[in-house]
Amino acid sequence: MAQIVEPSIGQLPGENVFKDLLKDEGQLRTSLDKHMLSSFAPEKSKELRFFTSAEVSVLLGLSNSHLRKMHFDGKIPQVHADSRGRKQYSSKDLYDIRVALSQNAKNPQSFLPGRVGDEHMQVIAVTTFKGGSGKTTSTAHLAQALNLRGYRVLVCDLDPQASLSSMFGLRPELELDESITLYDAIKYDEPVPIRDIIQQTYFHNLDIAPGGLILSEYETETPHAMRQGITPPFYLRLSAALDQVSNDYDVVLIDCPPQLGFLTMSALVASTGILIPVIPNMIDVASLSQYLTMATSLLKVVEKSGQNLNYDFMRYVLCRYEPSDTPQSQMASFLRMHFGPRLMTETFVKSTAVSDAGLRQNTLYEAVRGEITRSTLDRALESFNGVATELDATIKAAWGRE
């Protein structure tokens, strides 16, 4: 008589977990490939939409009528118009207009706010212990917002999951071979110049050092490198790579892995500022407490090696915040009591506009009006622009500007 084998606890009858896992992986990859192709077809690359004159006038701090007059008087470059005669602005057009306006402005930095003189490149690590906290979404939106304000921006995807790279239209699992990821600029065996792996994005003056699964090798290789005494040590390799492009950018934003490993530690050492996203609920705040305990302990070890870790600033920012949620409001007050001015006043609100744009592999700044409810998009943009404005002011204060 055949023996009846009972399934293990939690396993369905007739279930082969490994076989089903392979099947699920294949089906999911196929579905995602179809989605990416439909999003980026036919050339499989992302392009940035045009901006309206109303959007551009807000970004420049001008009235719409003043913007039109500047065009009419020939004081700023002309731009393309659609079939109805409405002006359409690319991100390159926006930058060219900033350049033109700065040439005759009493304060050129009001249009081109980037570094001048001996102001150093601001390197900001966006880091947290817990996945799903809005870390990558925050990095992408802040990078684009600062870029649209006239900064030269580099984003570094230090997360092996490479979600940030995907948001910028790259396909780490298919397009990025082992020669063009951030890993190659920090690896121990014959690292390449970081300029060789930086790629331009569809935003003018916004570049990316892409990530990929190969970055996980850095975590496994570092202990061996430490035993071998390879120099520079792990915590200085990213800093050394960024030094190679220190004259090319005003701001660098690093999307760190959601863990406190060698990659994150290298980002913290390379940074001049730290931004920590946190969702105002008890689980995330408890995770934040653990993260801070571990981070301070490890950074003390790095300091003992002779490294100066005097940051220009450290800020916490509330993400996925719902002001009408009483427990979240209470937790926000709790955090403000403990962190004071280090907790940013502005918040990233929770909004369906973010997820709606994400379905098309877009950010709020890339979203096409009409695809998302206008009022919902406007509320979300007001929130995200508020955080960007506060970070902008923090960066300028770090440079010693009033």
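Draft legend 1. Main features of the environment of L67. Secondary-structure assignment places L67 in helix 3 (residues 64–72). With 14 residues separating them in the primary sequence, L67 and S53 have C-alpha atoms 7.8 Å apart. Setting aside residues no more than four positions away along its own chain, L67 makes contact with S53, V56, S57, L60, I76 and Y89.

Draft legend 2. Structural detail: the sheet that holds strand 9 (residues 313–318). Read from one edge of the open sheet, seven strands run 5-6-4-7-3-8-9, paired in mixed fashion. In the strand order of this sheet, the two ends are held by strand 5 (199–200) and strand 9, each with one partner. For strand 4 (residues 153–157) and strand 6 (residues 206–209), the ladder comprises four bridges, and the chain directions are parallel. Note on strand 6: the bridge partner recorded for V153 is L206.

Draft legend 3. Geometry of the packing of aromatic side chains. For the structure on display, the rule yields eight aromatic pairs. Between Y188 and Y218 the ring centres are 5.3 Å apart and the planes differ by 5 degrees, which places this aromatic pair in the stacked class. Here Y188, found in the loop between helix 7 (183–186) and strand 5, pairs with Y218, found in helix 8 (residues 216–228); they are 30 residues apart in sequence, far enough to count as distant. The pair Y188 / Y218 is uniform in exposure class, with both members buried. Three or more aromatic residues joined by ring pairs form one cluster here, namely F168, Y202 and F203.

Draft legend 4. Layout of the pairing of strand 8 (residues 273–278). Extensive coverage of strand 8 is indicated by the burial of six of its six residues. Both faces of strand 8 are covered, namely the face carrying G273, L275 and P277 and the face carrying I274, I276 and V278. Sheet topology note: the strand 3 (residues 122–126)/strand 8 ladder contains three bridges and is parallel. Paired with V126 across the bridge in strand 8 is L275. Pairing analysis gives six bridges linking strand 8 to strand 9, with the strands arranged parallel. From the neighbouring strand, P277 faces strand 9, where its bridge partner is V317. Once you follow strand 8 into helix 11 (residues 282–304) and on to strand 9, the crossover reads as right-handed.

Conventions used here
Residues numbered from 1 in each chain as written. Predicted model: local features only at pLDDT ≥ 70, side-chain atom pairs only at ≥ 80, totals over all residues. Heavy atoms only, no water. Helix = DSSP H or I, 4+ residues; strand = E, 2+ residues; numbered from the N terminus. Contact = heavy atoms within 4.5 Å. Pairing = 2+ DSSP bridges. Phe/Tyr/Trp six-rings, centres within 6.5 Å; stacked < 30°, edge-to-face > 60°. Buried < 20%, exposed > 50% of the residue type's maximum accessible area, 1.4 Å probe, protein only. Right-handed = clockwise from strand over helix to strand, strands pointing away.

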